[in-house]
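Now for the letters of each chain:
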Amino acid sequence: MKNELVIVLDFGGQYNQLIARRVREEKVYCEVLPYKTSLDQIRAKEPKGIIFTGGPNSVYDPASPHYDKAIFELGIPILGICYGSQLMAYELGGSVATAPTREYGKTEVRTSQSVLFEDVHEKTVCWMSHTDYIDRVPEGFKVTAYSKACPCAAYEDAERKLYAVQFHPEVNHTEEGQRMLHNFLYRVCKCRGDWVMKDYAKRAVMELREKIGDRKVLCALSGGVDSSVAAVMIHKAVGDRLTCVFVDNGLLRKNEGDEVETVFRKQYDINLVRVNAQERFLGRLKGAVEPEAKRKAIGEEFIRVFEAEAEKIGKVDFLVQGTIYPDVIESGAGDAAVIKSHHNVGGLPEHVDFKEIIEPLRDLFKDEVRRLGIELGLPEKFVWRQPFPGPGLAVRVIGEITEEKLDILRDADAIFREEIARAGLDRSINQYFAVITDMRSVGVMGDGRTYDYTLALRAVTTDDFMTADWARIPYDVLERTSNRIVNEVKNVNRLVYDITSKPPATIEWE
Ligand code: XMP
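Residues numbered from 1 in each chain as written. Predicted model: local features only at pLDDT ≥ 70, side-chain atom pairs only at ≥ 80, totals over all residues. Heavy atoms only, no water.

1. A word on the nonpolar core
Formed by 70 residues in total, the largest nonpolar core has its most connected members in Leu9, Ile71, Phe264 and Leu372. No other element matches the 9 residues that helix H6 (residues 225–238) contributes to this core. Viewed by domain, this core spans two of them, domain 1 (5–188) and domain 2 (197–383), each represented by three or more residues. Those residues in contact with Ile71 that sit more than four places away from it in its chain are Leu9, Leu39, Ile42, Ile50, Phe52 and Ile78. Counting residues in hydrophobic clusters, the runner-up holds 49 residues, among them Phe302, Val305, Leu455 and Ala459. (Core = buried A, V, L, I, M, F, W, Y, C linked by side-chain atoms within 4.5 Å. Buried < 20%, exposed > 50% of the residue type's maximum accessible area, 1.4 Å probe, protein only. Helix = DSSP H or I, 4+ residues; strand = E, 2+ residues; numbered from the N terminus. Domains from an automatic or database assignment. Contact = heavy atoms within 4.5 Å.)

2. Points about the sheet that holds strand S4 (residues 78–81)
Across the sheet, which stays open at both edges, the 9 strands sit in the order S2-S1-S3-S4-S9-S8-S7-S5-S6 with mixed pairing between neighbours. Edge positions in the sheet fall to strand S2 (29–34) and strand S6 (123–136), since each has one partner strand and no second. Averaged over all neighbouring strand pairs, the angle between strand axes comes to 20°, with direction disregarded. Here strand S5 (residues 95–111) runs beside strand S7 (residues 142–147); their pairing, made up of 3 bridges, is antiparallel. In the sheet register, Thr111 faces S7, and the bridge partner there is Ala145. Each of strand S3 (49–52), S4, S5, S6, strand S8 (154–157) and strand S9 (162–165) touches helix H3 (residues 83–91); the most contacted strand, S4, lies at about 115° to it. (Pairing = 2+ DSSP bridges. Axes fitted to C-alpha atoms, helices over the stretch in contact; angles between N-to-C directions.)

3. Considerations on the domain arrangement of the chain
Here the domain parsing of the chain yields domain 1 (5–188), domain 2 (197–383) and domain 3 (397–497). When each unit is reduced to the centre of its C-alpha atoms, the spacing between domain 2 and domain 3 is 28 Å. Summed over both partners, the interface of domain 2 with domain 3 buries about 1100 Å², with 54% contributed by carbon and sulfur atoms. When the buried area of domain 2 at its contact with domain 3 is split by residue, Lys254, Leu282 and Lys294 rank highest and sum to 39% of it. Summed over the shared surface of domain 2 and domain 3, the result is 2 salt bridges. The partner of Lys254 in a salt bridge is Asp411, and the shortest N-O contact between them spans 3.1 Å. Applying the counting rule to domain 2 against domain 3 returns 7 residue pairs in polar contact (both at pLDDT 80 or more). (Buried area = accessible area lost by both parts, 1.4 Å probe. Salt bridge = Lys/Arg side-chain N within 4 Å of Asp/Glu carboxyl O. Polar contact = N/O pair within 3.5 Å; in protein donor to acceptor, adjacent residues only side chain to side chain.)

4. Structural notes on the confidence of the model for the chain
Model confidence for the chain is summarised by a mean pLDDT of 92, while 95% of its residues fall at 70 or above. Every residue in residues 332–336 scores below 50 in pLDDT, and together they form 0 contacts with partners more than four places removed in sequence or on other chains. This model gives residues 343–347 a pLDDT under 50, and the stretch forms 14 contacts once residues within four places in sequence are excluded. (pLDDT = per-residue confidence, 0-100.)

5. A few points about unusual backbone geometry
The omega torsion across Lys502 and Pro503 is -15°, close enough to zero to call that bond cis. Mapping Pro503 onto the fold places it in the segment after strand S18 (492–497). Note the cis peptide between Pro503 and Pro504, where omega equals 10°. Secondary-structure assignment places Pro504 in the segment after S18. Of note, the phi angle at Glu46 is positive, near 45°, even though the residue is not glycine. Looking at the element boundaries, Glu46 is found in the loop between helix H2 (39–44) and S3. By relative accessible area, Glu46 is classed as exposed at 59%. Within the chain, Cys82 stands out as a residue other than glycine whose phi angle is a positive 50°. Inspection of the secondary structure puts Cys82 in the loop between S4 and H3. Taking relative accessible area as the criterion, Cys82 reaches 5% and is therefore assigned buried.

6. Examining the sheet that holds strand S11 (residues 242–248)
Within the open sheet, the 5 strands sit side by side as S12-S11-S10-S13-S14. Their pairing is parallel. The open sheet terminates on both sides in strands that have one partner only, identified here as strand S12 (271–276) and strand S14 (356–358). Across this sheet, the average inter-strand angle for adjacent strands is 25°, counted without regard to direction. Of the strands in this sheet, strand S10 (217–221), S11 and S12 are in contact with helix H7 (residues 256–267), which crosses S12 at around 165°.

7. Side note on the packing of aromatic side chains
To describe a pair of aromatic rings, one takes the distance between the centres and the angle between the planes. In total, this model carries 16 aromatic pairs according to the counting rule given. Aromatic side chains Phe52 and Phe72 sit 5.9 Å apart centroid to centroid with 55° between the ring planes, which places their arrangement in the tilted category. In this pair, Phe52 sits in strand S3 while Phe72 sits in the loop between S3 and S4, placing the two residues 20 residues apart along the sequence. By relative accessible area, Phe52 is classed as buried at 0%. Ring geometry for Phe302 versus Phe306: centroids 5.7 Å apart, planes at 15°, classification stacked. Of this pair, Phe302 and Phe306 are both found in helix H9 (residues 291–313), 4 residues apart, which corresponds to roughly one turn of the helix. For Phe302, a relative accessible area of 5% puts it in the buried group. (Phe/Tyr/Trp six-rings, centres within 6.5 Å; stacked < 30°, edge-to-face > 60°.)

What follows is the structure, encoded as structure tokens:
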């Protein structure tokens, strides 16, 4: 049986993929299509429902995105959100006006009888972000919610199955938004909820197979979750037409290089080139102390190594990138100040001879990528890895990078990770690692004086890694970690725990 589908028609809003994600959370398959998609194409897909997204425009602006009015006659349920709700009103003969001030933020909305608001409180907090508002609904429609500043926060014609909300049900700030989307999908569109990650994986693999055909693909594998999942997916699609290049730059965590190699060679039989470029990287980093200088050096060196390998492989048609949806949004924020130059392994080498980039995870959020990884058979331990920065341990060694400091850091970090896992905290703390400072201090061990390195432990909880709080790790876990590190790792005599949030600090120390 064909999977049921809901279409999110994109009018240029910020939250379009988030809407799609919320629909998928309700176990309904969902595709985001540009508003330029023709009515015939939409009809051919036989969607169970259509959601119009928000967008930055005003419906009266002739340049603003509009849609063929015939869409309202298809008999397919439609939910308009924000701009989408204004567009529906405008197209069907209602009127939209511009308010003197924007309504923005959490707003108390009063709802009335509507299938959309079943099991939703009469007073409910919703997220508003609009200047235009609907001041008259089209004929046959009734207003089903309002706020202090917005006379029409929701309206509908239940008979024609047309619904609209001025607020954003997809964002968390709309406290009962998920329930409203659930009502639309299940009570209006009559979805059954037949979508699971397995179907997504199957479909995506099939599409990749079709697209790539018998051409060649190259993937820079970092060992991180995203590039690993992307590689495995492409491997499922085209087998040995995929070559992965894994650069061991000497800045990986303890045993990491071998672990990555084992999973990809043994478990998947993937064409894998491991480039042991430790000396090259450490040589290049000699004398580099300033964090940005380190980052730039590593970024450039990576591209050089990657290009050299790509040249050996010969002409490839596609380059794989493990870009996920939050990366797409963040890179859209073009004017933001550069706090750190993030170097993602897989960053674009300019001279590699390839035709096209494939980004198979571009529509997914991190937790969806993890679920997809499990579906594709990646080990749990691998899929639940915490993020690891492209420049690796280089940004966790303060000051100049030496082999000695790297060895100390690797051993200490491994102990910290073991203790966190043993305490069952490895899923609730989002990132945790050790940092070796450039400072030595005096200690006493046995009967003797020591003069050794101070290490810091860093552990944070965060949803998005843009802001973060320091993790309240139980003292006994910190105590065990500290004792073990000082006893088991040479040249460390002092441990400190980092208790700054981000901002004002960042997660990594450099
Ligand atoms: P900061 O230190 O900026 O880190 O608070 C936020 C998140 O990004 C990771 N990070 C990086 N990831 N390349 C990456 O791929 C980088 O250069 C990089 N620098 C930081 C960091 O580990 C944290 O998860």
